[in-house]
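Residue strings, one per chain:
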Amino acid sequence: MTTVPLFPVPPQIHGVSLICRRDRRFLLVRRGKEPWKGWLAFPGGSVEAGETAQEAALRELKEETALDAGSLAHVITVDLALEGQAYEKSYYLSVYRAFDLSGREQAGDDAVSIHWLTVEEMATANVTESTLDVARSVAEREDGLIY
C-alpha cells in the first residue's frame with residue numbers, strides 16, 4: 001500500500017553557517033548575491049553533493065573569509081523560509097561555532113567585505129533577525145551577558 005501525503009513535502013536545501021568570534025565581536029560578511037544581497041550575515045552557504053555539513057562549513061569559511069577553523073561545534077539548525085520572503089521553500093541551515101581560527105581574513109567568493117561587529121553594532125546594521133538572535137544567544141552563553 002502506497003501512502004500519499006495530504007500536503008506536498010517541500011524540497012529541502014541544506015546549508016551551513018559559521019559563527020566566528022574575536023574579542024567579543026562576530027565575523028560577518030556582506031553578501032554579494034541573493035538572497036539577502038548587501039546584508040551582513042555569518043559566512044556560509046550550501047552543502048554540496050557528497051559533503052558532510054561540517055566539511056561544507058569548513059569549505060565555506062575558507063572560500064568566503066580565507067580563514068581555517070581548528071574545530072566546530074553545532075549551535076542550532078534553523079529554517080530560513082520562516083524569515084520573510086527570501087526563500088519560497090524550506091532552507092534548513094545548520095549553524096556551527098568555529099574555534100581556533102587561523103589565517104588572515106580576506107573577503108572571497110560571494111562575500112563582498114568582512115566585518116567584526118559586537119551584538120550592539122549588529123542590532124543597528126543590516127543583519128537578519130535570525131543572525132542577530134543566534135549572535136545574542138552565543139554571546140549570552142559565552143560572555144554571560146544578557147541582551
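Residues numbered from 1 in each chain as written. Predicted model: local features only at pLDDT ≥ 70, side-chain atom pairs only at ≥ 80, totals over all residues. Heavy atoms only, no water.

As recorded by an unreviewed UniProt entry, the chain carries the name NUDIX domain-containing protein and is attributed to Falsochrobactrum tianjinense.

### With respect to the overall build of the chain
Worth spelling out the cut-off: Under the DSSP-based scheme used, a helix requires at least four consecutive residues in state H or I and a strand at least two consecutive residues in state E, with every element numbered from the N terminus. Each accessible area is a Shrake-Rupley estimate made with a 1.4 Å probe; only the visible protein chains count as cover when residues are assessed.
A count of helices and strands for the chain gives three helices and eight strands. Tracing the chain from N to C terminus, the helices and strands come up as β-β-β-β-β-α-β-β-β-α-α. Just so you have it, the chain exposes about 8400 Å², and 52% of that area is on carbon and sulfur atoms.

### A few points about the nonpolar core
Here is the rule we go by: The term nonpolar core refers to a set of buried residues drawn from Ala, Val, Leu, Ile, Met, Phe, Trp, Tyr and Cys, joined through side-chain atoms within 4.5 Å. For every residue, the accessible area (1.4 Å probe, protein chains only) is compared with the maximum for its type, and the residue is labelled buried under 20%, exposed over 50%, or partly exposed between those bounds. Contacts are assigned to residue pairs with any non-hydrogen atoms lying within 4.5 Å of each other.
If you look at the biggest cluster of nonpolar residues, it comprises 19 residues, and the most contacted ones within it are Ile19, Phe26, Leu28, Phe42 and Met122. Those elements giving two or more residues to this core turn out to be strand S3 (25-31), strand S7 (91-102), helix H2 (119-123) and helix H3 (129-143). Contacts of Met122, omitting those with residues within four sequence positions, involve Phe26, Leu28, Leu117, Val127, Thr131, Leu132 and Ala135. Val16, Ala56, Ala57 and Ala98 belong to the second-largest nonpolar core, a separate cluster that totals 12 residues.

### Describing the side chain of Thr131
Note the threshold: By the criterion applied in these results, polar contacts are pairs of N or O atoms within 3.5 Å in which, for protein atoms, one can donate a hydrogen and the other can accept it, and in which residues neighboring in sequence qualify only through two side-chain atoms.
On the secondary structure map, Thr131 appears in helix H3. Within the structure, Thr131 has its side chain in polar contact with the side chain of Thr128 (distance 2.8 Å). Excluding anything up to four places from it in sequence, Thr131 contacts Leu28, Phe42 and Met122.

### Description of helix H1 (residues 53-65)
To be explicit about the condition: A helix is expected to span 1.5 Å multiplied by its residue count minus one.
End to end, H1 covers 18 Å across 13 residues, agreeing with the expected 18 Å (1.5 Å per residue, within 8%). Listing the buried residues of H1 in full gives Ala56, Ala57, Arg59, Glu60, Leu61, Glu64 and Thr65. Positive backbone phi, approximately 70°, marks Ala66, located one or two places after H1.

### Structural notes on the environment of Glu34
Structurally, the position occupied by Glu34 is in the loop between S3 and strand S4 (40-41). We classify Glu34 as exposed; its relative accessible area is 59%. Polar side-chain contacts of Glu34 include one of 3.1 Å to the backbone nitrogen of Trp36. Only 3.4 Å separates the side chain of Glu34 from the backbone nitrogen of Lys37, close enough to count as a polar contact.

### A look at the environment of Gly108
Position of Gly108 among the secondary structure elements: in the loop between S7 and strand S8 (111-117). Taking relative accessible area as the criterion, Gly108 reaches 16% and is therefore assigned buried. Note: C-alpha distance between Gly108 and Val29 (79 residues apart in sequence) is 9.5 Å. The residues contacting Gly108, other than those within four sequence positions of it, are Glu63 and Glu64.

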